[in-house]
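# Summary of structural features
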Amino acid sequence: ISVQPTMKLSLFNVIVRPALLVSILAVGAAGFQLSFTAIPDQDESTLEARADAVTSYLQSYINATCEVEVAVVYNAVSDYEAAVNALVDGTADFGWFGGLTGVQAGLRSPPAVYLAQRVEDKQFTSVFIQGPGLDLSAEGIQGANGRSLAFGSESSTSGHLMPAYFMSEADPEVVPAS
């Protein structure tokens, strides 16, 4: 599926509740509203632009393909946990998650179905940015031991989970504290 030229999807980050698909097909979806959420991993204007593209694409596709009127609505949330909770409590019918939040949402709202993943997520890498006074090139990750490091949200795959994992793999003695 190509939602917009810079956003190609394959398998994983989009999770949907199967009951939603059954109700759309069974009821014929007349006047049905399909709501979705996403982890707030970008600034608000970027999230809104992505949501507008997904909303427009899905509404057009569903209405034309299924020959039913379905309104697609984006429900913005304030943090990663709220995105997971929206799928679990039914506020959202599907969600756009990262790797960690996708697993959390899937475990908390079984049976979840993983629909899509951005192509670039298959080639994930972590980058450590060092500030003035820290030179890890000589000591490696051991040079960070006892130093203060900044991470993203604990629910972030790229901002916390993977950097902490790579650090512990490089040196089991260097374990980031929460």
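Given the structure is predicted, the values throughout are model-derived calculations rather than measurements. (Residues numbered from 1 in each chain as written. Predicted model: local features only at pLDDT ≥ 70, side-chain atom pairs only at ≥ 80, totals over all residues. Heavy atoms only, no water.)

Bringing the pairing of strand 4 (residues 70-74) into the picture now. Side chains of strand 4 alternate between two faces, with Val 70, Val 72 and Tyr 74 buried and Ala 71 and Val 73 left unburied. Alignment of strand 3 (residues 32-38) against strand 4, held across five bridges, turns out to be parallel. Residue pairing for strand 4: Ser 35 is matched across the bridge by Val 73. As for the winding sense of the linkage, the β-α-β connection from strand 3 through helix 2 (residues 44-66) to strand 4 is right-handed. (Buried < 20%, exposed > 50% of the residue type's maximum accessible area, 1.4 Å probe, protein only. Helix = DSSP H or I, 4+ residues; strand = E, 2+ residues; numbered from the N terminus. Pairing = 2+ DSSP bridges. Right-handed = clockwise from strand over helix to strand, strands pointing away.)

Of all hydrophobic cores here, the largest spans 14 residues; its most connected members are Leu 34, Phe 36, Leu 58, Ile 62, Val 70, Val 72 and Tyr 74. Listing elements by their share of this core, those giving two or more residues are strand 3, helix 2, strand 4 and strand 5 (94-96). With five residues, the single largest contributor to this core is helix 2. One finds Ile 39, Ala 83, Leu 87 and Ala 105 within the second-largest nonpolar core, a separate group that totals seven residues. (Core = buried A, V, L, I, M, F, W, Y, C linked by side-chain atoms within 4.5 Å.)

To continue, consider a nonpolar patch on the surface. Residues Phe 124, Phe 128, Tyr 165 and Phe 166 make up a contiguous nonpolar surface patch of about 360 Å² in total accessible area. Judged by its relative accessible area of 31%, Phe 124 falls in the partly exposed class. (Patch = residues over 30% accessible without salt bridge, like charges linked within 9 Å, V, L, I, M, F, W, Y side chains within 5 Å. Areas by Shrake-Rupley, 256 points an atom, 1.4 Å probe, with all protein chains shown as cover. Salt bridge = Lys/Arg side-chain N within 4 Å of Asp/Glu carboxyl O.)

This part is about the pairing of strand 3. Residues in a regular strand point their side chains to alternate faces of the sheet. Across the seven residues of strand 3, five count as buried, placing the element largely inside the fold. Here strand 3 pairs with strand 5 via three bridges, running parallel. Bridging across to strand 5, Ala 38 finds its partner in Trp 96.

This part takes up the packing of helix 3 (residues 80-88) against helix 4 (residues 99-108). Relative to each other, helix 3 and helix 4 sit at 30°, their axes nearing to 9 Å. Taken together, helix 3 and helix 4 sit at an angle that is classed as roughly parallel. The chirality of how helix 3 crosses helix 4 is right-handed. Residue-level contacts link Tyr 80, Val 84, Asn 85, Leu 87 and Val 88 of helix 3 to Thr 101, Gln 104, Ala 105 and Arg 108 of helix 4. Residue classes in the contact of helix 3 with helix 4 are distributed as five nonpolar, three polar and one charged. (Axes fitted to C-alpha atoms, helices over the stretch in contact; angles between N-to-C directions. Parallel < 35°, antiparallel > 145°, perpendicular 65-115°, else oblique. Left-handed = near helix turned anticlockwise from the far one by under 90°. Contact = heavy atoms within 4.5 Å. Nonpolar A, V, L, I, M, F, W, Y, C, P; charged D, E, K, R; others polar.)

What follows is about the side chain of Ser 35. One can find Ser 35 in strand 3. A relative accessible area of 6% places Ser 35 in the buried class.

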